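# Analysis of the macromolecular model
Now for the letters of each chain:
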Amino acid sequence: MECIQAAGDFEETMSTVKALSGAEQAEMASLAEEAKRLGAETQFTAQESAEAMTYMGMAGWKSGEMLSGMNGVIQLAAASGEDLAQVSDIVT
C-alpha cells in the first residue's frame, strides 16, 4: 500500500509541475524520468526532486531549465543539508 501511495503522490506532484510549467507530454516524460533518476542516484527521493521542480515551475522555469538546473540545486541542498524543495525555492 505504501508503494501505491508514493506513486500516487509522485504523479500528483508531477501533474502540478505540468500545470505550473506548461510542459508538453514529451517534456513531462523527460522531467519525470529525471526525477526518478535523481531519486535513484542521489540522497534525495524522486518525490523530493518533483517537489523541487514545482518551485522551479512557480518561478517560471521551463522544462529545459529545470532539467539543466536540477544538478546544481541538488548539490547545493546536499552541501547545505537543507530540504531540496526549500533550496529550490530559494534558488529560483
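How each quantity is defined
Going along each chain's sequence as written, the residues are numbered from 1 onward. The predicted origin of the model limits local features to residues at a pLDDT of at least 70 and limits the giving and counting of side-chain atom pairs to 80 or more, whereas totals for whole chains, interfaces and linings rest on all residues. Side-chain metrics in this entry use all non-hydrogen atoms of the structure; hydrogen atoms and water are not considered. Whenever a helix is involved, its axis is fitted only over the stretch in contact; in every case the axis is a line through C-alpha atoms, and angles between N-to-C directions fall within 0 to 180 degrees. Put simply, DSSP H or I for four residues or longer makes a helix, DSSP E for two residues or longer makes a strand, and each gets a number counted from the N terminus. In this scheme, roughly parallel covers angles under 35 degrees and roughly antiparallel covers those over 145, while 65 to 115 is roughly perpendicular and the rest are oblique. Handedness of a helix crossing follows the sense of rotation of the near helix relative to the far helix, less than a right angle counterclockwise being left-handed and clockwise being right-handed. It only takes one pair of heavy atoms within 4.5 Å for two residues to be counted as in contact. Gly counts as polar in this scheme, as do all residues outside two lists: the nonpolar Ala, Val, Leu, Ile, Met, Phe, Trp, Tyr, Cys and Pro, and the charged Asp, Glu, Lys and Arg. Each reported salt bridge corresponds to a side-chain nitrogen of Lys or Arg within 4 Å of a carboxyl oxygen of Asp or Glu.

## As for the packing of helix H1 (residues 2–21) against helix H2 (residues 25–41)
For any two helices packed against each other, the geometry is given by the interaxial angle and the distance between the axes. Contact geometry of H1 with H2 gives a least axis separation of 11 Å together with a crossing angle of 135°. Classified by the angle between their axes, H1 and H2 sit oblique to one another. When you trace H1 past H2, the crossing you get is right-handed. Every residue of H2 that contacts H1 at Phe-10, Met-14, Val-17 and Lys-18 is listed here: Gln-25, Met-28, Leu-31, Ala-32, Ala-35 and Lys-36. Considering only residue class, the contact of H1 with H2 consists of seven nonpolar, one polar and two charged.

## Details of the packing of H2 against helix H4 (residues 63–80)
Put simply, H2 and H4 touch, their axes get as near as 10 Å, and they point 10° apart. With respect to H4, the element H2 is oriented roughly parallel. Across the interface between the two elements, Glu-27, Ser-30, Leu-31, Glu-34, Arg-37 and Leu-38 from H2 touch Ser-63, Met-66, Leu-67, Met-70, Asn-71 and Ile-74 from H4. When the residues that make up the contact of H2 with H4 are grouped by side-chain class, the tally is six nonpolar, three polar and three charged.

## With respect to the pattern of salt bridges
It is possible for side chains of opposite charge to pair when their charged atoms get near one another. Per the counting criterion, the structure on display carries two salt bridges. The closest approach of N and O atoms between Glu-41 and Arg-37, which form a salt bridge, is 2.6 Å. Of this pair, Glu-41 and Arg-37 both sit in helix H2, four residues apart, which is roughly one turn of the helix. Several salt bridges share partner residues, and in doing so they unite Glu-34, Arg-37 and Glu-41 into one network.

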